Amino acid sequence: MCEPTTMFIMGSTMSVGQGIMQHKAQRRAARASRRSFEQNSQRALEAYFRQTKQARERQRQEEESLSNEVNQIFKEGRSKMSSLVTSSLESGVSGQTLELLVDDIHRQELEYQTNSTKSFQYYSENMDDQLEEARLGTRDRIDDMRSRVTPRPSFLATALQIGSGVVNAYASSGLAQEDALTSALEAGQSASS
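Residues numbered from 1 in each chain as written. Predicted model: local features only at pLDDT ≥ 70, side-chain atom pairs only at ≥ 80, totals over all residues. Heavy atoms only, no water.

## Points about the overall build of the protein
A count of helices and strands for the protein gives four helices and zero strands. Going from the N terminus to the C terminus, the protein shows its helices and strands as α-α-α-α. Taking 193 residues into account, the globule formula puts the C-alpha radius of gyration at 16 Å, and the protein, at 43 Å, lies well above it. Referenced to the eigenvectors of the C-alpha coordinate spread, the extents of the protein come out at roughly 145 × 30 × 20 Å. Burial analysis of the protein (193 residues in total) assigns 21% to the buried set. (Helix = DSSP H or I, 4+ residues; strand = E, 2+ residues; numbered from the N terminus. Rg over C-alpha atoms; globule rule 2.2 N^0.38 Å. Buried < 20%, exposed > 50% of the residue type's maximum accessible area, 1.4 Å probe, protein only.)

## Looking at the packing of aromatic side chains
Counted by the stated rule, this structure contains two aromatic pairs. Here Tyr48 and Phe49 contribute two aromatic rings whose centre-to-centre distance is 5.4 Å and whose plane-to-plane angle is 55 degrees, an arrangement assigned as tilted. (Phe/Tyr/Trp six-rings, centres within 6.5 Å; stacked < 30°, edge-to-face > 60°.)

## Here's the deal with the nonpolar core
Across soluble globular proteins, nonpolar side chains have a tendency to be buried as a group. Ranked by size, the top nonpolar core spans five residues in total: Met81, Leu84, Leu98, Val102 and Ile105. Elements with a minimum of two residues in this core: helix H1 (4-91) and helix H2 (96-147). For this core, the element with the most residues is H2, which contributes three residues. Beyond its immediate chain neighbours, meaning those up to four positions away, Leu84 contacts Leu98, Leu101, Val102 and Ile105. (Core = buried A, V, L, I, M, F, W, Y, C linked by side-chain atoms within 4.5 Å. Contact = heavy atoms within 4.5 Å.)

## Digging into the side chain of Ser33
Its location among the elements puts Ser33 in helix H1. From its side chain, Ser33 meets the backbone nitrogen of Thr150 in a polar contact 2.7 Å long. When sequence neighbours within four positions are dropped, the list of residues in contact with Ser33 reads Arg148, Val149 and Thr150. (Polar contact = N/O pair within 3.5 Å; in protein donor to acceptor, adjacent residues only side chain to side chain.)

## Thoughts on the pattern of salt bridges
Taken as a whole, this structure holds ten salt bridges when the rule is applied. Here Glu64 ties to Arg60 by a salt bridge, and the two come within 2.8 Å at their closest N and O atoms. Taken together, the positions of Glu64 and Arg60, both in helix H1 and four residues apart, correspond to about one turn of that helix. Among the ionic pairs, Arg148 bridges to Asp144, the shortest N-O distance being 3.1 Å. Residue Asp144 is classed as partly exposed on the basis of its relative accessible area, which comes to 36%. Members of the salt-bridge network, linked through shared partners, are Glu57, Arg60 and Glu64. (Salt bridge = Lys/Arg side-chain N within 4 Å of Asp/Glu carboxyl O.)

## Here's the deal with a positive patch on the surface
Residues Lys24, Arg27, Arg28, Arg31 and Arg35 make up a contiguous surface patch of positive charge. Within the secondary structure, Lys24 sits in helix H1. (Patch = residues over 30% accessible without salt bridge, like charges linked within 9 Å, V, L, I, M, F, W, Y side chains within 5 Å. Areas by Shrake-Rupley, 256 points an atom, 1.4 Å probe, with all protein chains shown as cover. Lys, Arg positive; Asp, Glu negative; His and termini not counted. Charge placed at Lys NZ, Arg CZ, Asp CG, Glu CD.)

## Thoughts on the environment of Glu64
A relative accessible area of 44% places Glu64 in the partly exposed class. Reaching out from Glu64, the side chain makes a polar contact with the side chain of Arg60 at a distance of 2.8 Å.

## Re helix H3 (residues 155-173)
An ideal rise of 1.5 Å per residue puts 27 Å on 19 residues; H3 measures up with 26 Å between its terminal C-alpha atoms. Looking at H3, one finds that the buried residues are Thr158, Ile162, Gly165, Ala169 and Ser173. For H3, the angular spread of buried residues about the axis comes to 65 degrees, placing them on one side. Of the residues in H3, the exposed ones pointing more than 90 degrees away from the buried face are Leu156, Leu160 and Val167. Where H3 starts, the residue carrying a side-chain oxygen 3.2 Å from the main-chain nitrogen of Leu156 turns out to be Ser154. (Expected span 1.5 Å × (residues − 1). Arc of directions from axis to C-beta.)

Pasting the structure below:
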């Protein structure tokens, strides 16, 4: 069997080596975890910005379409009004009857314009709500990914682990028993003197 000092040195060396290797492995895992978090959170943000851009473009197109429709209704109303005035004058209709017909055309235009504006407002509010949900979802996903990032290893924890291994090597090497026996013999000699 090996002498206790040799066993202590071998055990201590193994403990230090294992502690250093584990610390390096934990550091590599923490770096990889951080890189993964950064890449995934960047992808989540890019997806959110792409989604926002697409939604704003759809909203702009919807607004443009509404504007074109309102302009078309206005043109049709002017055309109807021209036809109405021309046919009324040709048939001899004038006064209050003609005024009522013109007012009805104006009312229809205004009603369509009001309904279209309300519809677009609802659409815009719904789009804003969806974008807010997407923003909150993206933030929650990033927060969830952040909580899963492997923390960097602690030098103190590594030192304590190595120290614990050295103490175990000391205890199992037989040096502890020799030191205890030596201390007991010295205490006994001191007491008898």
